[in-house]
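# Structural overview
The chain contents come next:
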Amino acid sequence: MKYAVIDIGSNSVRLMLWADGTLYKKVCTTRLAEGLSASGSLCQSAMERTARAVADFYHEGQKENAHVLAFATAAVRSAANGGDFCALVRQMCGLNVDVISGEEEALLGLSGALGHSDGGMIDIGGASTEICIRRGGEIVFSVSLPIGAVRILEQCGQDPRKIRAFVEDALHPLHGICGPAQMYAIGGTASTLASIRLGLSEYDAKKLNGLSLPRDWLSEISGRLLSLPVEERKKIPGMDLRRADVIAGAAVLLSAAVEKLHLPEVYFSDADNLEGYLAVRGLI
């Protein structure tokens, strides 16, 4: 069976084509969560550009003769008009969007990165951050925090003091939690930082998958990113230009989470909630 899975995130829409394994992934940055922090609702322009991206990916999946599935995360589930967005997608391409809970989002990320193995996962999204830990085959800790790359930008701008205070407050639920040795980071923030660590001009999953992001390096790079204007960040080798405005706050968030969990490092995983969605739904 061939599947096309669409992840409708707060910052980007992603497509995975799967047939006995992941064939490829694509991303389109649409900033669905733009303005959500201030108004509690998705703005019309963000909904329209995101729905168009979903429709484009839907049609690509159809051309590949794949069964197309779509799920949405924090921006849609938390917005007062999330239902209007789902209706817009249905109107554009006939696709029904599965709006998942924060708890399920954490499980998808864990399942994608680790399969059934023990370990942990951190997923920094645009509007939320999920952390999930499995020990002895059982989920022992799972949380979805209302903080992410886009939310930090909208709440704090590029102000280092505000960013650090906002992050510190949001990570309070991690107090007293120790992460496992095999802790993986997934998503756009992690992939961008991994690319920066290797200085890659183009994303290369084979080179990046499993790459260690040490705690000391995360602290160093987050401080460096905070100190640079957005245009200067774009000159850093490996930088995803679409994330240059949100990466500093997101890097501070990942660095602080690693420190709170008493981890010496996290590993980047290219396999993420897209693969996890198929696994949790029992399709693979």
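To keep things clear, this report deals only with the structure shown in the data block.

## Quick notes on the overall build of the protein chain
Within the protein chain, the regular secondary structure consists of 13 helices and 11 strands. In terms of overall dimensions, the protein chain is globule-like: its C-alpha atoms have a radius of gyration of 18 Å, near the 19 Å expected for 284 residues. Projected onto its principal axes, the C-alpha coordinates of the protein chain cover approximately 45 × 40 × 35 Å. Working note: accessible area of the protein chain is about 11800 Å², and carbon and sulfur atoms make up 49% of it.

## Some remarks on the side chain of Asn11
With respect to the secondary-structure elements, Asn11 resides in the loop between strand 1 (3-8) and strand 2 (12-18). Polar contacts involving the side chain of Asn11 include one to the side chain of Arg31, which spans 2.4 Å.

## Overview of the pairing of strand 1
Two faces belong to every sheet, and in a regular strand the side chains alternate between them. Of all six residues making up strand 1, six are buried, and the element is well covered by its neighbours. Here strand 1 shows two buried faces, one formed by Tyr3, Val5 and Asp7 and the other by Ala4, Ile6 and Ile8. Taken together, the six bridges between strand 1 and strand 2 define a ladder with antiparallel strand orientation. Counted as the bridge partner of Asp7 is Arg14 from strand 2. Count of turn residues in the strand 1/strand 2 antiparallel hairpin: three residues. Bridge count for strand 1 against strand 4 (residues 67-72) is six bridges, and the pairing is parallel. Following the sheet pairing, Ile6 is matched in strand 4 by Ala70.

## Structural notes on the packing of helix 7 (residues 160-170) against helix 12 (residues 247-260)
One way to put it is that helix 7 packs onto helix 12 with a least axis distance of 10 Å and a crossing angle of 40°. What the angle tells us is that helix 7 and helix 12 run oblique. Crossing of helix 7 against helix 12: the hand is right-handed. On helix 12, the residues that touch Ile163, Arg164, Val167 and Glu168 of helix 7 are Gly249, Val252, Leu253, Ala256 and Lys260. Along the lines of polarity and charge, the residues of the contact of helix 7 with helix 12 split into five nonpolar, one polar and three charged.

## Regarding the packing of aromatic side chains
With the rule as written, the count across this model stands at three aromatic pairs. With 6.3 Å between their ring centres and 50° between their planes, Tyr3 and Trp18 make a pair best called tilted. With a gap of 15 residues between them, Tyr3 in strand 1 and Trp18 in strand 2 connect regions that are remote in the sequence. Residues Tyr3 and Trp18 agree in their burial class; the two are buried. Residues Tyr184 and Tyr267 carry aromatic rings whose centres are separated by 5.9 Å and whose planes lie at 45° to one another, so their mutual orientation is tilted. Remark: Tyr267 occurs in strand 11 (residues 265-268) and Tyr184 occurs in strand 9 (residues 183-186); sequence separation between them is 83 residues.

## Some thoughts on helix 8 (residues 188-198)
With respect to burial, helix 8 is a largely interior element, nine of its 11 residues being buried. Those residues of helix 8 lying buried are Gly188, Thr189, Ala190, Ser191, Thr192, Leu193, Ala194, Ser195 and Ile196. Note on helix 8: the residue one or two positions beyond its end, Gly199, has a positive phi of about 65°.

## Description of the sheet that holds strand 11
In space, the six strands of this open sheet follow the order 8-7-6-9-11-10, with mixed pairing throughout. The open sheet is flanked by strand 8 (138-145) and strand 10 (212-214), the only strands paired with a single partner. Across this sheet, the average inter-strand angle for adjacent strands is 25°, counted without regard to direction. Helix 5 (residues 102-114) contacts strand 6 (119-124), strand 7 (129-135), strand 8 and strand 9 of the sheet and is inclined by roughly 60° relative to strand 7. Here helix 12 sits on the sheet in contact with strand 6, strand 7, strand 9 and strand 11, set at roughly 160° to strand 6.

Criteria and thresholds
Here, residues in each chain are numbered from 1, in the same order as that chain's written sequence. The predicted origin of the model limits local features to residues at a pLDDT of at least 70 and limits the giving and counting of side-chain atom pairs to 80 or more, whereas totals for whole chains, interfaces and linings rest on all residues. Values reported for side chains reflect all heavy atoms of the structure, with hydrogen atoms and water molecules removed beforehand. Under the DSSP-based scheme used, a helix requires at least four consecutive residues in state H or I and a strand at least two consecutive residues in state E, with every element numbered from the N terminus. For this measure, only C-alpha atoms enter the radius of gyration; the expected value for a globule follows 2.2 Å times N^0.38, where N is the number of residues. With residues, only the protein chains shown are counted as cover, and all accessible areas are computed by Shrake-Rupley using a 1.4 Å probe. Within 3.5 Å is the distance limit for a polar contact, defined as a pair of N or O atoms, with the added protein rule that one can donate a hydrogen and the other accept it, and that residues adjacent in sequence qualify only through two side-chain atoms. Summary of the burial criterion: residues with accessible area below 20% of their type's maximum are buried, those above 50% are exposed, and those between are partly exposed, where the area comes from a 1.4 Å probe applied to protein chains only. Pairing between strands requires that DSSP locate at least two bridges from one strand to the other. The angle between two axes is taken between their N-to-C directions and runs from 0 to 180 degrees, where each axis is a line fitted to C-alpha atoms and a helix contributes only its stretch in contact. When an angle is under 35 degrees it counts as roughly parallel; over 145 it counts as roughly antiparallel; between 65 and 115 it counts as roughly perpendicular; any other value is oblique. Here a crossing is taken to be left-handed if its near helix is turned anticlockwise relative to the far helix by less than a right angle, and right-handed if that turn runs clockwise. Two residues form a contact once any of their heavy atoms are found within 4.5 Å. Amino acids outside the nonpolar list (Ala, Val, Leu, Ile, Met, Phe, Trp, Tyr, Cys, Pro) and the charged list (Asp, Glu, Lys, Arg) are all regarded as polar, and Gly is one of them. Aromatic pairs are defined between Phe, Tyr and Trp rings, using the six-membered ring for Trp, whenever the two ring centres lie within 6.5 Å; interplanar angles under 30 degrees are classed as stacked, those over 60 as edge-to-face, and all others as tilted.

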